[in-house]
Amino acid sequence: MTGSTGRTGSTGDTGRTGRQGPALSRRALLGAGLGAATALTVLGSGPAHAAGARPRAGGASPRRRGQAFLAAAMDAYPDHGDIRLAQSYTDQAGLFSTAFTYDNALALLAHLAVRTEDGRARATSLGDALVYAQEHDPAYDDGRLRQAYNVGPYVFFDGVPQPDGFVRADGTANVGTQFGFTGTAVGDMAWAGIALSALARRTGKRRFLAAAVRIGEWIERTGRTDEPLGGYKFGVDGANAKLPFTSTEHNTDLICLFGRLARLTGDRVWWERRARAEAFVRRMWEPSGGFFHTGTNDGVTVNRSPIPEDTQTWTHLALDSRRHSRSLDWAATELAVLDHAGRRNSTVPAGQSYEGVTFSSASLLANEDAPIAEFQPEPNRNGVWFEGTAHLALALRDRGARGDATRARRLLASLERAQDHLGTDQTVGGRALPHRSGVVSASSPLDTGFGFGYYPYRHTGATAWYLMAATRTNPLRV
């Protein structure tokens, strides 16, 4: 996911507010991450190893430990209501109790993928929370979801307490205003719709399908464009102003969402909308290089740099096109990295190494002498982006060409080593995590090339993608 909002295709920002200074977004982790996390204070929580700390699960399988992390992220604030979302990153990232909509959609899908009774129950709870957010927005009643929500209390960096859980005292959903996570991106909405439609199909509950349809209608009203390159545009910022960018990744997501809505509702209008999104994605194909471009800023000119990883893997998962499957080879070759303690700015412990892919072609050229952004550390050009590594592993398993299984096994092994050894002693809601549970977003600080970075904090999204790769669950197949 690319762009300053973390959604591929632009430099747009769905998290913009009226205040001065750069707005923040789902992908733009604050520099508080590696340098200032000590300023973080969680209301109502004690030391990580105090009474009530989470049980250790060191003897469980990697998949079970991944599930344990998702459960811990969801259960971090037990005194703040049963309607809840999962915190996206561990406390040390400096984002407090932020729960990104995209990450929670992935968590829902991962809970369904493991096919356990607990997984189905947790997926249903997350689905109900997304529906609640849609129906209890503090300002809108048009089907939208915000970029992120708060799910537990904390004291912000300015010393002002945020006392609520996901449901505020007045009954509204607790939108993430402190960081400016108040906009709505089409890609985030699409993933929520994909998750809700999967839940509707699994449970037969019409409330989930109705919510997914409302999401699809919001995207149609807000995003549809008749610009030369077509497709659906980026979404709106925090002031509800439409953003001018069009993203390959967003439109890839819509291929799945609109196709699912067509099948679940029987309404053929969704097939037409799906075709519009697919046509845009196919226009982004670069046959000479065998990859997909990121999108367009103006609806006329294709953005040719940087080239992100997710537009190579998700397009395969959504299109299942032999003609375009070379994109996986491009990502596996051109974005391959190996991180170890000998790399410049690496935070990997001595004696360990991790292989995988980085975020984009620009990540490989990052300035290792300068911070990624203000208050953030210097990047490592060889930092592994574990979320992308997981969906590459899944896409290779899905394609099944010669050598794909071997490459996928190596990537999954790297993800499992990361779960074993990286991000130890991190907490969620001030509470200890089950031992060796959860995959960090990156092996070392890495610069995405889109104005933000990733860091070695355990992450709901990366862990969910690992579980889907491990279970061979393709979330983008209609």
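Everything discussed here concerns the structure shown above.
Everything in this summary refers to the structure shown in the same document. (Residues numbered from 1 in each chain as written. Predicted model: local features only at pLDDT ≥ 70, side-chain atom pairs only at ≥ 80, totals over all residues. Heavy atoms only, no water.)

## Focus on the overall build of the protein chain
Broken down by element type, the protein chain carries 13 helices and 17 strands. In the protein chain, buried positions account for 63% of the 478 residues. Summarising the internal contacts of the protein chain: among those between residues at least 6 apart in sequence, 71% fall at separations of at least 24. (Helix = DSSP H or I, 4+ residues; strand = E, 2+ residues; numbered from the N terminus. Buried < 20%, exposed > 50% of the residue type's maximum accessible area, 1.4 Å probe, protein only. Contact = heavy atoms within 4.5 Å.)

## So, the pattern of salt bridges
A complete count under the given rule lists 26 salt bridges for this structure. Among the ionic pairs, Arg 410 bridges to Glu 355, the shortest N-O distance being 2.9 Å. Linking Arg 410 in helix H12 (residues 404-421) with Glu 355 in strand S13 (residues 353-357), this pair joins segments that are 55 residues apart in sequence. Taking the relative accessible area as the measure of exposure, Arg 410 reaches 48% and is therefore partly exposed. (Salt bridge = Lys/Arg side-chain N within 4 Å of Asp/Glu carboxyl O.)

## A look at the packing of helix H3 (residues 101-113) against helix H4 (residues 117-135)
The geometry of H3 relative to H4 is characterised by a closest axis approach of 7 Å and an angle of 150 degrees between their N-to-C directions. If you check the angle between H3 and H4, you find them roughly antiparallel. For H3 against H4, the interelement crossing comes out left-handed. Of H4, the residues touching H3 (which contributes Thr 101, Asn 104, Ala 107, Leu 108, His 111 and Leu 112) are Gly 119, Arg 120, Arg 122, Ala 123, Leu 126, Gly 127 and Leu 130. Of the residues that constitute the contact of H3 with H4, the class distribution is six nonpolar, five polar and two charged. (Axes fitted to C-alpha atoms, helices over the stretch in contact; angles between N-to-C directions. Parallel < 35°, antiparallel > 145°, perpendicular 65-115°, else oblique. Left-handed = near helix turned anticlockwise from the far one by under 90°. Nonpolar A, V, L, I, M, F, W, Y, C, P; charged D, E, K, R; others polar.)

## Some details on the sheet that holds strand S10 (residues 295-296)
With respect to topology, five strands assemble into an open sheet ordered S5-S6-S7-S10-S11, the strand pairing being antiparallel. On the outer flanks of this sheet lie strand S5 (184-185) and strand S11 (302-303), each paired with one strand and no other. Pairing geometry for strand S7 (residues 242-247) and S10, over two bridges, is antiparallel. Paired with Ser 247 across the two strands is Gly 295, which belongs to S10. (Pairing = 2+ DSSP bridges.)

## Re the packing of aromatic side chains
Scanning the entire structure with this criterion turns up 28 aromatic pairs. Plain terms: the ring middles of Phe 359 and Trp 385 are 4.5 Å apart, the flat faces sit at 55 degrees to each other, and that makes the pair tilted. With Phe 359 in the loop between S13 and helix H11 (386-399) and Trp 385 in the loop between S13 and H11, this pair connects stretches of sequence that are 26 residues apart. Under the relative-accessibility criterion, Trp 385 is labelled buried at 0%. Taken together through their ring pairs, the aromatic side chains of Phe 96, Phe 100, Tyr 154, Phe 156, Phe 157, Phe 179 and Phe 181 make up a single cluster. (Phe/Tyr/Trp six-rings, centres within 6.5 Å; stacked < 30°, edge-to-face > 60°.)

## Points about the pairing of S7
In the sheet, strand S6 (residues 233-236) pairs with S7 via three bridges, with the strands oriented antiparallel. Across the sheet, the residue bridging to Lys 233 is Thr 246, located in S7. Taking the residues between adjacent antiparallel strands as the criterion, S6 and S7 are bridged by five residues, where Asn 240 takes a positive phi near 70 degrees.

## Details of the side chain of Asp 447
By the secondary structure assignment, Asp 447 is in strand S16 (residues 446-447). For Asp 447, which is buried and forms no salt bridge, the nearest opposite charge comes from Arg 381, at a distance of 9.0 Å. For Asp 447, the side chain forms a polar contact with the main-chain nitrogen of Gly 449, separated by 2.9 Å. Once residues lying within four places of it in the same chain are set aside, the contact partners of Asp 447 are Ser 363, Ala 366, Ile 372, Pro 379 and Phe 452. (Lys, Arg positive; Asp, Glu negative; His and termini not counted. Polar contact = N/O pair within 3.5 Å; in protein donor to acceptor, adjacent residues only side chain to side chain.)

## As for the nonpolar core
Within the largest apolar cluster, 111 residues are counted, with the highest numbers of intra-cluster contacts made by Trp 191, Ile 219 and Trp 465. In terms of residue count, helix H5 (residues 186-203) provides more of this core than any other element does, eleven residues in total. Counting 20 residues, the second largest nonpolar core, distinct from the first, contains Phe 156, Phe 359, Leu 446 and Tyr 457. (Core = buried A, V, L, I, M, F, W, Y, C linked by side-chain atoms within 4.5 Å.)

## Some thoughts on the packing of H5 against helix H7 (residues 248-265)
Contact geometry for H5 and H7: axes closest at 9 Å, N-to-C directions at 30 degrees. Here H5 is positioned roughly parallel relative to H7, judged by the angle of their axes. Where H5 crosses over H7, the handedness of that crossing is left-handed. Only Glu 249, His 250, Asp 253, Leu 254, Cys 256, Leu 257, Arg 260 and Leu 264 of H7 make contact with H5, whose side of the interface consists of Val 186, Gly 187, Ala 190, Trp 191, Gly 193, Ile 194, Ser 197, Ala 198 and Arg 201. Of the residues in the contact of H5 with H7, the class split is nine nonpolar, four polar and four charged.

## Overview of the environment of Thr 248
Here Thr 248 shows up in helix H7. Judged by its relative accessible area of 0%, Thr 248 falls in the buried class.

## Some details on helix H13 (residues 460-470)
Of all eleven residues that make up H13, eleven are buried, and the element is covered over most of its length. Among the residues of H13, those classed as buried are Thr 460, Gly 461, Ala 462, Thr 463, Ala 464, Trp 465, Tyr 466, Leu 467, Met 468, Ala 469 and Ala 470. Buried positions along H13 lie against helix H2 (62-74), H3, H5, helix H9 (310-319), H11 and H12. Positive phi appears at Arg 472, one or two residues downstream of H13, with a value of about 55 degrees.

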